[in-house]
Structure formats: structure tokens, C-alpha cells
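A structural walkthrough
Each chain, letter by letter, is given below.
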Amino acid sequence: MKLTYKVLHFFILAACLILQIAFVENLKLFSVNFDLILVTVVAISLMDGVIFGAFCGFAAGILLDLMTGGGIVGISAFAYAASAFIAGKLIEAGLKQRILSFTFIIFLVTEINLILVSVIHYLFNFNIAISELGLELLVKPVCNIILMLVIFPLIRIGMHREYVIGFNNKEKT
Amino acid sequence: MGKNFKNLIVLGIIIVLCLVIITVSFKGSDLTKGVKVKTLDFFKPVQEKFFLFFHPVANFINSTRDYLNLREKIKILEKENSNLRKDYSENINLKIENNALRELLGVKLRKDYETELAKVIGFSMGELQSEITLNKGTNDGVLEGMGVVNEDGLVGAVILSAGNSCRVKLINDPRSSIGARILSSRVLGMVEGGNDKKIYLNYIPKEEIVFRGDVIITSEYGKLLPSEILVGRIKSTAGSAGSPYKEIEIEPFVDFKELEYVLIIKG
């Protein structure tokens, strides 16, 4: 059963990847900066385990890098895999599976992801606009937290009570 | 303890794998390019369908934004219209004179370029890149380096051409660099994208006199990009103390938010 969910979640991630490239990237032109892949990868990491989450992050990142032409391939893969690992470890470290904890995780992981990607690009001689990065550090976590309210319940659909993660704490009898 | 160790090993493998891929990609091997081309081709049909499905939402956001800026836009257009009317009569006389001189000198008129109409099927607007995906590729004769325009002016240049799709680097991409001229003074410079997503005309000496509103066109020194394509007009000029060049910001003629159909200049 767990494997079925993992396969299902992988397909949801694939759909999110296409959606990110075909639509969400378009919204960046209007200063709306959602990261559909990051939120989905974190949700998978929290529900299916750190290893599967990191693998999904790696696979989605590689595909994203390959599909978005000009950049260096592998940077997004590394950033998403690391984000999934950090998110999973935070829960393992004792954070309770509640909506507030998830909000905190999404905020933290988004910030780490942005800084990580910028630092790697800087190391590869790309110029980083500090003002742009600063704005993104403020806007992106908020957008991702909003996105979390949609993605987390979607990933959770059909899962047993033990996977339920804070959105409905009262179980129906 | 065992589970943690297993997790760390998996993470280690992923990190090493990423570092290898990053290094290979950074060196710019043919293998990376080949995989990119194959991936673009593989996902093109699904990407195109998704893009078309969600396009009305982007259009709606665009229309709302346009509606809110309507009053200001009308004022600007009215001013521009009155200026264009003034220029119109003058230009007709110049055209007649120009044609007569061409006939006298035996110089042929510029030929139209061969173009390929393409549809935008994807955007990629990260902090470090501004790219679009088009639904035409090498099967339609699209090659890397070809210029992309729309009815307003220069959009960008093709950077990766797959079988049935291609990726275009927009002129506001931080890695974009295109040879250009100031139309009025014919001074040469480079149109380059900034990290702040603005477009700059670089390498114009401080002593050159430039005016706000001057039109920028492509120069004749581009490999596959034809000359005299409209790029934008000068928005502001400044000069920093240590630099021998002016800092000129350009307002592009093309609205990248409204890109839907473009023309690829094939030659």
C-alpha cells in the first residue's frame, strides 16, 4: 500500500513539474513567486520518508534543470534533495505534525533553498543581485506557505490516519 | 542509528551525483546538450497542452493589470500619437527622396527576412534567467543563435534548439548580450540584461551625448541577428565616478508579459 502511495505521489510531483514550467513560471512575471516543486517535495518527504523525498527532489530538480535550458544542470536537483532531507530531519528531530510546524518547515526550507541556490551560482561566477534575492527571501516563503495549504492535503488524499498531518486532527468514528 | 546511517549514505550519494552532474554541465559538454534536447522534445506535447490549458488565467491577470493602468497608458499614447503625426508628413517626403536617391545610385531596397511563426509554450523566469520555450525547433529550420522578434521589436535569441521546440533567451536575461546602436547618433554599444531584470546599453563612452527617449536598434555585427531591429528606447542615463562609460537603462518595446506568438528570423 505504501508503494502505491509513493508511485501516486511521484506522479503528482511529475504533474507539478509540468505545471511549474507551463504556468507557475509565467506568474513570476507578475511578482508571484510560487515553488510548486519545493512544496510537493517537502510534502512527500514528510509523508513518505526522507530517502524517498530526497530521491524525488533529485529527480524533479534534474528534470527542471534540463527543461529550463540555459542554467547549470544539477543545481536545482541538489537544492531540492537537500530541502527534502532537511524537512524530513526536522520532523524526525521532534517537530510535531501540525499545521504550524509545517508552516515553519516550509518557511525555513524555502529560505535555505534560495540561499543554497544563490551561493552555488555565486561559486560558479554568476552575479547575484542582493536586492532581488532579498525581495525573494521575503515573498517566496509567503507564496509557498499559501501553496502548502493546497498541496499538503492533496498529497495526503487516501492515506491512513497515521499519515494524517494536522489538517484534520479529529478522526471520524 | 542504522536508519540514520542509511539516510546519510543516500544523501551522500545524491550530493556526489549532483556534484558530478554540475561539473559535467558547467564544462558544457555535448552530452548535457543532447540530454537537454531530448528532454525538451519528450515533454513538449504535455507542456504545450498544460500551457494552453492555463493560458486564459495568465491572460486574465494581464487584462486586469492593463485595465488598472489604462488611464496612464492613454495619456502616453495620446502624446506619442501627436508626435507621430508631426513626423509623418516629414517622413513621406524623406521616403520619396530616399527612393529617388536609391534609384540614382542603383542600391536595392532591403529584402524581407525569412521568418518562422512560433507559439510560446513555456516561461522560465528565475532570478538568474529569463527564458521562453517555443513550439518550433530544428525540424522547422530553427538554429541556435537565431533572433526572435514580435510586432514590437526584439524578443531575444534562440539558445537551445530541439527537434520540435526551442528555448529563447530574452533580452533581459542576465547572460544576454547583443550588439546595438543608438538610432539617432549611430553610436555602437551592447544591450545587456542586468541582474535586476532591467536592460542596459553598455560601453557608451561618457563623452557621448545621449537623450532620454532615443531609440536603440540592433547593430550589423550580429552573427545570425539582422541589423536595425527595434530593441527599445533610453529610459535613464547616469554615470558612475570610476567608470569611463555611461550607465544607460533601456525600456524595451516588447512587453514580455504578453508574449504569445513570435517570429524566428531564419535569415
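The model shown is predicted, which means the values in this text are computed figures rather than measured ones.

**A few points about the overall build of chain B**
Within chain B, the secondary structure is distributed over three helices and twelve strands. If you line up chain B on its principal axes, its C-alpha atoms span 85 × 50 × 45 Å. Per-residue burial for chain B yields a buried fraction of 39% across its 267 residues. Put simply, of all contacts in chain B between residues at least 6 apart along the chain, 57% involve residues at least 24 apart. In the structure as shown, chain B presents an accessible area of about 15,700 Å², 59% of it carried by carbon and sulfur atoms. Of note, chain B has its 37 positive side-chain charges centred 5 Å away from the centre of its 34 negative side-chain charges.

**Notes on the domain arrangement of chain B**
Residue and element names in this part refer to chain B. Each assigned domain of chain B is listed here: domain 1 (1-94) and domain 2 (110-265). Each of domain 1 and domain 2 was reduced to a C-alpha centroid, and the two centroids are 15 Å apart. In this complex, domain 1 contributes 15 residues to the contact, which on the side of domain 2 involves 20 residues. Together domain 1 and domain 2 conceal approximately 1,500 Å² of surface at their shared face, both sides included; 56% is due to carbon and sulfur atoms. Looking at the side of domain 1 facing domain 2, the largest losses of area belong to Leu 40, Lys 44 and Phe 51, adding up to 34% of the total buried there. Inspection of the domain 1/domain 2 interface yields two salt bridges. In this structure, Glu 144 and Lys 33 form a salt bridge, with 3.1 Å as the shortest nitrogen-oxygen distance.

Cut-offs applied
Every chain begins its residue count from 1, and numbering advances along the sequence as written. Note on labels: chains are lettered from A, ligands numbered from 1, in written order. Totals for whole chains, interfaces and linings use every residue, but because this is a predicted model, local features are given only for residues with pLDDT of at least 70 and side-chain atom pairs only at 80 or more, for both listing and counting. For the side-chain quantities, the full set of heavy atoms in the structure was used; hydrogens and water were omitted. For the purposes of this entry, the term helix denotes a DSSP run of H or I that reaches at least four residues, the term strand denotes a run of E that reaches at least two, and both are numbered from the N terminus. Between buried and exposed lies partly exposed: a residue is buried under 20% and exposed over 50% of the maximum accessible area for its type, with that area taken using a 1.4 Å probe on protein chains only. By definition in these notes, contact holds between two residues if any of their heavy atoms fall within 4.5 Å. Each accessible area is a Shrake-Rupley result for a 1.4 Å probe, and residues are judged covered by the shown protein chains and nothing else. The charge count treats Lys and Arg as positive and Asp and Glu as negative. His and the chain ends do not count. Charged side chains are reduced to one point each, which is NZ for Lys, CZ for Arg, CG for Asp and CD for Glu. The domain limits used here are those given by an automatic or database domain assignment. In this description, buried area is defined as the sum, over both parts, of the accessible area (probe of 1.4 Å) that is lost when the two are combined. One side-chain nitrogen of Lys or Arg within 4 Å of one carboxyl oxygen of Asp or Glu is enough to make a salt bridge.

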